[in-house]
Every structure is written in structure tokens, then in C-alpha cells.
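So the chains spell out like this:
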Number of protein chains: 2
Amino acid sequence: MAIRRFSEKNLAREVLHRIRGTRNPRLKQVMASFIRHMHDFVREVKPTEEEWFRGIRFLTDTGHWCSGERQEFILMSDTLGVSMLVDAINHRSGGGATESTVLGPFHRRKAPLYPLGASISKHRGDGVPCRVTGTVRDRSGRPVAGAELDVWQAGADGFYDSQKGKAMNLRGIFRTDANGLFHFRCVRPEFYPVPHDGPVGRMLTATGRHPMRPPHLHFWITARGYKPLITHLFVKGGRYLDSDAVFGV
Amino acid sequence: MAIRRFSEKNLAREVLHRIRGTRNPRLKQVMASFIRHMHDFVREVKPTEEEWFRGIRFLTDTGHWCSGERQEFILMSDTLGVSMLVDAINHRSGGGATESTVLGPFHRRKAPLYPLGASISKHRGDGVPCRVTGTVRDRSGRPVAGAELDVWQAGADGFYDSQKGKAMNLRGIFRTDANGLFHFRCVRPEFYPVPHDGPVGRMLTATGRHPMRPPHLHFWITARGYKPLITHLFVKGGRYLDSDAVFGV
């Protein structure tokens, strides 16, 4: 019989050695980095076996909350700032361009195309009427004609249409005019919570955080010859602007 | 309307700032460390949005494989060396004591108590008969009388009894004699794979690894006045001794 020896120090090295045969070089790079950071984390916090098992249970629970309508791991990524970090890495805009944000779970394909000036709100109870005007410009400040703005928002009750059924409401597509101008009507955005009845909600509570997103309109702007831009417009002075639960501001 | 700015650099700092109100100081420490290492990992590998989503899907899939009989997140922890790292942190034995290992998923409570010399194998088809003898000693080398050894092993088919039904087989409890001696019969341990038909199995394959554990007997040794010890005995010259899929050797 034989016994070999691993220690806290050389275990990560041994795990890295084991994946040396990974064929996909990108996977090898990602796995190696993950293994190093994960072992660093564990060596730093020195979890008891009970704490380790709590972590296992939290991940398991998070997985079990994921379904066709609910993505609890994306919510975890959002609320830990990871989604916005990935967004920032992939959309380094630099000098003066509008900041980008993540698509989020509430965008829907094939929203209705409306003429400028139309309202995306179809029901009186959607919220306080509101008018939005603006201009799409390129980096050098020139207006972009014919740019498409795909707009969506939650109603005053804090829900998007897709959380309530299949009918489309509070979303639509507009095209800028020859001067790059757009204008449409909607309802005044109100703050609303991300889903917080699951493990991520428990994590937010345990770490002294609220689940709220500040009032905003979501935009996906495309124009021929330009990179698409997904962004938010936030209501000036709106609540939770400085503590957006998903770091999207 | 207002836009605030986060960058790759200051986002982790902002997330850490948000959890400043965490009441449980240990949770605060663990979460802060996790956030720092997770953001470091993401900044290092710079995932595309598609890669990020693959990660989300992998975690979700792993969660969905977890059930009453299967714990895929523990398997992931085992195969990335994290379980053994936690074990090493919590059971620093130091000078000369037998190395500890994790309990694993196959221990069962209330195995039958046998007299010394009995066999834990109840069926002729369990494997090649084998005899085990040894002495339990304390750190100073003195034999420990009346120590309890809870022993369990897989059969030659690579399965533990609990993977095949409720009946107990290939496990039992023995007590050392007045000289600290124990001896019992079992079957020769054979190598066997960890469950590899799920996401962790795919990860092993993609990183050029096999799912095998080298042939071993599992022991949980307890004695009044001593710390319990969970350990393995491995067959000298057995296959996979240098590439145990869960780093337990």
C-alpha cells in the first residue's frame, strides 16, 4: 500500500498539471485561471467543512431555481457585478461614447415598429404618461439618420409585459428621422426589484442590500455601418441610482 | 436623465462597497474574498459574452444534475482539487501522522459490527478475496486498543453497495485488540470511475482527464481521547495512483 502527499501549497499545481492535455487552448487558459483563483480564494478564507458544504448547497439551490422563465445564475452574476464587468470588457467604448449595458432578461424580439411620436403604452393603467426625445449621434457628433431604437420598459407596477403574459406592451421600435431625431411616448419609469424570492435574494438580504433597480428605459440602438449599442436611460434624481442591484447604471 | 460610470477597474471596489452593511463578519469576509477573486478571474480571462453564457449554462446544468442521489457540485469540487484543499486546511496533521481525506459520498452510518478476522464481503461475486492487517498507533507510536475502524470499499464491478440498493455489503466496523491490532477480510480493491455521465464528466473529457479513482479501502477511525481520522489505504502499484480524479491519494 502507498500514500502520496498533497499539501495546501502544491495541490493547485497538481490540478494544473492534470489539465495539461486540454486540446482547446482557450479552454485550457480559462480553466487554469479558474483553478488558480479558486484555490487562492479557498486558501485565503480557509473554509470549515461546514462552510464548504453551505457553499455547495447554495450553488445547488441556485441551480434548482433555474428554469425556462428564471435564470438564477445570471441573477447572481448580475448582482455580483460580474455581468457588467463582462460587458465593460467587451464594450470598451472610450472617449465620449454612450456607455453600454447588458441586454438583460426582458428584451423580446419582434417588438412592434411604431412611427415617431407614437406611444409604446397600450393601457391606461401602465403608469404616468411620459414623452422622450433625443438624437442619435456617432462618435464625432454627427446625427445618424434611420437608426433603429428598440425600446422596452417596466410598467408602474414594476413588471415587464413578459412577466405577465404573452401580449406585447411597453416596448417598440422607432427609426430616427433625417436629422437623427427620435421622439416617442411611454410611461414614467419606476424603480422595481429583481426577482428576490430565491437564493440570490437571500444573499442580497444577508449582505445588507436591496434588490431594486432605479427607474430606467432600456434601448438597443442599431444603424447600418455602426456597432450596435445596448444602453439605459435613467430618470434624473430617481431612487436607487447609486445602488442599482445589478450595477447597470 | 443621468449616467454614472463604472469601469473594469473600479467595479469590484463598488461591489465590495455595497456589501459593507453585512452583519455577519465571517460572511462579509468570505463574500469580499469571493468578489475580489471572481472579478480578478474575469479581468484575467476577459470572457466574450458567449463564453460568459457558456459558463452560466455549465453551472445551471450542474445544478440540474444534483438530486437526492447525485451531487454534481461536490463532484466538481472533488475533481478540481477543492475538496482535498478544504480537507488539508481543516486537518493539518503534521509530523508523521497518517494523512486525512474526505468522507466521500459512499460512507453509510450503522454498518455492521464484526469480530476481528471476519469478512465484509457477503457475496462470492464481490471480487478477489483479500486479507488486511494493521495496527492503530497514536502520534508517539503507541498502539491504541479498542479503536473503532469503520471500513468500506467498492466491489470488483466498481460499485459501492449504496449504488445498487439498500442492502449493506463491503462495509463493516472492527475494534482493535489490546495490542492495537486489527485484521479482517474483504475483496481486493479495484479502480473505478466517479460518476462521469454529467457536466463534470464532460469537463474531465474536455481537459484530457480520466474519471478513475485508484484501488483503495476507505477507513474512518475513532478512539476515545483521539481526533477521528478519515483515510484511505491504496493498493501498492495500483492503476491511477498518480492521477486519482479527485486528488484523494
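All of these numbers come straight from a predicted model, not from anything done at the bench. All residue numbers refer to positions counted from 1 along the written sequence of the respective chain. For naming, the first written chain is A and the first written ligand is 1, with later ones following in the order written. Only residues with pLDDT of 70 or above have their local features reported here, since the model is predicted, and side-chain atom pairs are shown and tallied only from 80 upward, although totals for entire chains, interfaces and linings are computed over all residues.

Notes on the overall build of chain A
Part 1 of the argument: Within chain A, the secondary structure is distributed over six helices and eight strands.
Part 2 of the argument: Helix and strand assignments follow DSSP, with helices taken as H or I runs no shorter than four residues and strands as E runs no shorter than two, numbered in order from the N terminus. Put simply, chain A runs from its N terminus to its C terminus through helices and strands in the order α-α-α-α-α-β-β-β-β-β-α-β-β-β.
Part 3 of the argument: Whereas a compact globule of 249 residues would reach a radius of gyration of roughly 18 Å, chain A reaches 23 Å, over 25% beyond that.
Part 4 of the argument: Projecting the C-alpha coordinates of chain A onto the three principal axes gives extents of approximately 80 × 40 × 30 Å.
Part 5 of the argument: Excluding contacts between residues fewer than 6 apart, the proportion of contacts in chain A whose partners are at least 24 apart in sequence is 70%. The globule rule is 2.2 Å times the number of residues to the power 0.38, and the radius of gyration it is compared with is taken over C-alpha atoms. C-beta atoms are first placed from the backbone for all residues, and any pair lying within 7 Å is then listed as a contact.

Focus on the sheet that holds strand β3 (residues 171-175) of chain A
Residue and element names in this part refer to chain A.
Part 1 of the argument: Taken together, four strands build an open sheet; the order of strands is β3-β2-β7-β8 and the sheet is antiparallel. Where the open sheet ends on each side, the last strands, each with one partner, are β3 and β8 (229-234). The mean inter-strand angle of the sheet, taken between neighbouring strand axes irrespective of direction, is 25°.
Part 2 of the argument: Pairing analysis gives six bridges linking strand β7 (residues 216-222) to β8, with the strands arranged antiparallel. Two strands pair under a simple rule: DSSP has to find at least two bridges between them. Here an angle of 0 to 180 degrees is reported between the N-to-C directions of two axes, which are lines fitted to C-alpha atoms, with helices fitted over the stretch in contact.

Side note on the relation of the copies chain A and chain B
Part 1 of the argument: When the copies are superposed, the least-squares fit draws on C-alpha atoms of residues that have pLDDT of at least 70 in both. Turning chain A through 180° and shifting it by 0.0 Å along the axis lays it on chain B, with an RMSD of 0.0 Å. Interpreted geometrically, this transformation is the action of a two-fold axis. In terms of proximity to the rotation axis, the leading residue of chain A is A:G63, whose C-alpha is 2.0 Å off the axis.

Side note on the interface of chain A and chain B
Often, the extent of an interface is quoted as the loss of accessible area upon association of its parts.
Part 1 of the argument: With 70 residues of chain A in contact, the opposing surface of chain B contributes 70 residues.
Part 2 of the argument: The greatest single-element share of the side of chain A that touches chain B, amounting to 15 residues, is contributed by helix α2 (residues 25-45) of chain A.

A closer look at the domain arrangement of chain A
Residues and elements named next belong to chain A.
Part 1 of the argument: The assigned domain composition of chain A is domain 1 (11-72) and domain 2 (75-234).
Part 2 of the argument: With centres defined by C-alpha atoms, the gap from domain 1 to domain 2 works out at 33 Å.
Part 3 of the argument: With seven residues of domain 1 at the contact, the number on the domain 2 side is seven residues.
Part 4 of the argument: Considering every element that reaches the side of domain 1 that touches domain 2, the biggest residue donor is helix α3 (residues 49-65), with four residues. Boundaries between domains were set according to an automatic or database domain assignment.

Looking at the sheet that holds strand β7 (residues 216-222) of chain B
Residues and elements named next belong to chain B.
Part 1 of the argument: Across the sheet, which stays open at both edges, the four strands sit in the order β3-β2-β7-β8 with antiparallel pairing between neighbours. The sheet is open, and its two borders are formed by β3 (171-175) and β8 (229-234), each paired with just one other strand. With strand direction ignored, the average angle separating the axes of adjacent strands in the sheet is 25°.

Re the environment of A:R70
Residue and element names in this part refer to chain A.
Part 1 of the argument: Among the secondary structure elements, R70 is positioned in the loop between α3 and α4 (72-79).
Part 2 of the argument: Considering only alpha carbons, one finds R70 and L116, 46 residues apart in sequence, at a separation of 34 Å.
Part 3 of the argument: Setting aside residues up to four positions removed in sequence, R70 forms contacts with W65 and P195.

What about the environment of B:H64?
Part 1 of the argument: Locating B:H64 in the fold gives a position in helix α3 (residues 49-65).
Part 2 of the argument: The spatial distance from the C-alpha of B:H64 to the C-alpha of B:T98 is 37 Å, given a sequence separation of 34 residues.

Notes on α2(A)
Part 1 of the argument: In this analysis, the expected span of each helix is defined as 1.5 Å times one less than the number of residues it contains. In a regular helix each residue adds 1.5 Å, so 21 residues correspond to 30 Å; α2(A) covers 30 Å between its end C-alpha atoms and thus fits that length.
Part 2 of the argument: Buried residues along α2(A) sit against α1 (11-18) of chain A together with α2 (25-45) and α5 (82-90) of chain B.
Part 3 of the argument: Where α2(A) terminates, the next one or two residues include A:K46, which has phi positive at roughly 45°.

Concerning the packing of helix α5 (residues 82-90) of chain A against α2(B)
Part 1 of the argument: In contact at an axis separation of 10 Å, α5(A) and α2(B) are set at 20° when each is read in the N-to-C sense. Comparing the axis directions of α5(A) and α2(B) gives the class roughly parallel. By crossing handedness, the relation of α5(A) to α2(B) is classed as right-handed. Each of A:V82, A:L85 and A:V86 in α5(A) lies in contact with α2(B), whose residues at this interface are B:M38, B:H39 and B:V42.
Part 2 of the argument: We call Asp, Glu, Lys and Arg charged. Ala, Val, Leu, Ile, Met, Phe, Trp, Tyr, Cys and Pro are nonpolar, and the rest, Gly among them, are polar. Classifying every residue of the contact of α5(A) with α2(B) by side-chain character gives five nonpolar, one polar and no charged. With respect to orientation, any angle under 35 degrees is reported as roughly parallel, any angle over 145 as roughly antiparallel, any angle of 65 to 115 as roughly perpendicular, and every other angle as oblique. Take the far helix as the reference: if the near one is turned anticlockwise from it by less than a right angle, the crossing is left-handed, and if turned clockwise, right-handed.

Section: α4(A)
Quick reminder: α-helices carry 3.6 residues per turn. Residues three or four places apart thus point the same way.
Part 1 of the argument: Neighbour density around each residue's C-beta defines its exposure: 20 or more other C-beta atoms within 10 Å make it buried, 12 or fewer make it exposed, and counts between make it partly exposed, where C-beta atoms are placed from the backbone. Of all eight residues making up α4(A), eight are buried, and the element is well covered by its neighbours.
Part 2 of the argument: Residues of α4(A) that are buried in the fold lie against α3, α5 and α6 (199-206) of chain A together with α3 of chain B.
Part 3 of the argument: Downstream of α4(A) by one or two residues, A:G81 has phi in the positive range, about 75°.

Let's talk about the packing of α4(A) against α6(A)
All names here are of chain A.
Part 1 of the argument: Closest axis-to-axis distance for the α4/α6 pair is 9 Å, and the angle between their directions is 25°. Here α6 runs roughly parallel to α4, going by the angle between their axes. In this structure, α4 uses E72, L75, M76 and T79 to contact α6, whose residues at the interface are P199, V200 and L204.
Part 2 of the argument: Among the residues making up the contact of α4 with α6, the classes are represented as five nonpolar, one polar and one charged.

Some details on unusual backbone geometry
All names here are of chain A.
Part 1 of the argument: Here the phi dihedral of F247 falls at roughly 60°; this positive angle occurs in a residue that is not glycine.
Part 2 of the argument: Along the polypeptide, F247 turns up in the segment after β8.
Part 3 of the argument: F247 sits in the buried class, given 24 other C-beta atoms within 10 Å.

Some words on the environment of A:P214
Residues and elements named next belong to chain A.
Part 1 of the argument: Locating P214 in the fold gives a position in the loop between β6 (212-213) and β7.
Part 2 of the argument: By the C-beta count within 10 Å, which is 24 here, P214 ends up buried.
Part 3 of the argument: The contacts of P214, once residues within four sequence positions are left out, are F191, F234, G238, R239, Y240, L241, D244 and V249.

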